[in-house]
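So the chains spell out like this:
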Amino acid sequence: MTVESYLITFVMPIICLSLIFIFLRFLKGPAVVDRVVALDLLITVGVGFIGLFSLIANNAIFLDVAMILALIAFLSTVAFSFYLDKRDKDD
Amino acid sequence: MLKYFLLNLLLTFVWVALTGQLNYTNFAFGLILGFFILWMLTRNSKPQDKEYFYRVPKILVFILNFLYDMLEANLRVAIDVVTPNLHATPGIIKYDIDAKTDFEITMLTNIIALTPGTMVIDIADDKSHIFIHTMYLKDKEKFINRMKERTEKKLLELLR
Amino acid sequence: MTDTFIMVLSTIGAVFILIASIGILRMPDFYTRLSITIKAGTLGIGCILGAAAIHFSEFSITTKVFAIIFFLFITSPVAAFLIARTSYVTGIKLWSGTVMDELKGRYSTPKVSSKESTTSSNKNIE
């Protein structure tokens, strides 16, 4: 069994299953902060997804996308927490 | 301290240029070689010059220790997540810190946050204590002592 | 040999990500969810990207992978701390099984603890 077929049959479904679980929490989350954390984890798992895909496609150019995504992933969380903090103080 | 680090890097680049292979194995080998050569050359100099050569092994030991702690705590959390019953006893603890400057507090906060189960929630305004949220709280004194001995003391030893 | 190593490393990473996603789905309150997910996810992605670095085994790609792991390890604790503090200030409840809460009372009246910023923002509105 080659590496590519192993990754497609076993590892990729696990990642997709966990993406579905995180998305369920994103839909369900009682408070706004739950959704924000779920979104952050979605982006972080997306970075791993891209890394795995570049392994399967045997093409290293996708890792550039993963690098930019990892750089800006936490900005959304920071912006949301800043906004929530301000909203709480102003009302 | 900084002078010896720069000399070590310079020797490494000389080694890489002489051998003509740019990859991580060769780079690491040049780094280790330069480290030992500098150590041999400074064996007769003053003790504060030799500080660099004792600090580098300490940093390596600290990183390995931290990785081990991280793996152990991750496995504990993993077992708790997968099994049906929840054994967590979470709590928020006030913890007095010895770290003074902003940089030391940032490093300490990062290291606490990266071990699963513990997380810093708030820092006091006068930077004298922080509030840690932990997932497995059995004994408060024991937790504080363990944090002090295993993490903070070693970190401050390296940074100061 | 290299193939086996890549398989084992990527499987470990995927299992850590799966544990993080199960944790975010079934943990009882926000703080326990946060403290599980951020770190287990980071470790899993570190393993998967390490597998990618071993597979390509080129200098530039290994540097890229190191950069990604470094960014993730620097930024995710900052994001976790900010969102945890915000959620405590905005009054997200702790789980009923929580043993002790020594932060209680510090933010029961949010207007007091953040007097300066509140007054300045009020001025801006007026």
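Residues numbered from 1 in each chain as written. Chains lettered and ligands numbered in written order. Predicted model: local features only at pLDDT ≥ 70, side-chain atom pairs only at ≥ 80, totals over all residues. Heavy atoms only, no water.

- The name given to chain C in an unreviewed UniProt entry is Multisubunit sodium/proton antiporter, MrpG subunit, with Myroides guanonis as the source organism.

- Looking up chain B in an unreviewed UniProt entry gives the name Multicomponent Na+:H+ antiporter subunit E, with the organism given as Myroides guanonis.
- For the record of chain B, the UniProt heading Sequence similarities (unreviewed entry) holds the text "Belongs to the CPA3 antiporters (TC 2.A.63) subunit E family."
- Note on chain B: under the UniProt heading Subcellular location (unreviewed entry), the record states "Cell membrane". (UniProt positions renumbered as here; feature names shortened; annotations may be inferred.)

## Overview of the UniProt feature "transmembrane region" (unreviewed entry) in chain B
Thought 1: The feature "transmembrane region" (unreviewed entry), as given by UniProt, occupies residues 12-40 of chain B in the numbering adopted here.
Thought 2: Secondary structure across residues 12-40 of chain B comprises 86% helix and 0% strand; the distance between its end C-alpha atoms is 16 Å. (Helix = DSSP H or I, 4+ residues; strand = E, 2+ residues; numbered from the N terminus.)

## Points about the domain arrangement of chain B
Thought 1: Each assigned domain of chain B is listed here: domain 1 (2-44) and domain 2 (53-159).
Thought 2: Just the C-alpha atoms count here: the centres of domain 1 of chain B and domain 2 of chain B sit 34 Å apart. (Domains from an automatic or database assignment.)

## So, the packing of helix α2 (residues 32-57) of chain A against helix α1 (residues 2-26) of chain C
For any two helices packed against each other, the geometry is given by the interaxial angle and the distance between the axes.
Thought 1: In the contact formed by α2 of chain A and α1 of chain C, the axes pass within 12 Å of each other and the chain directions differ by 165°. Our classification of the angle between α2 of chain A and α1 of chain C gives roughly antiparallel. For α2 of chain A against α1 of chain C, the interelement crossing comes out left-handed. Taking contact as the criterion, the partners of V37, A38, L41, V45, L52 and L55 of chain A in α2 of chain A are, on α1 of chain C, I6, S10, I17 and I24 of chain C.
Thought 2: Residues belonging to the contact of α2 of chain A with α1 of chain C are distributed by class as follows: 9 nonpolar, 1 polar and no charged. (Axes fitted to C-alpha atoms, helices over the stretch in contact; angles between N-to-C directions. Parallel < 35°, antiparallel > 145°, perpendicular 65-115°, else oblique. Left-handed = near helix turned anticlockwise from the far one by under 90°. Contact = heavy atoms within 4.5 Å. Nonpolar A, V, L, I, M, F, W, Y, C, P; charged D, E, K, R; others polar.)

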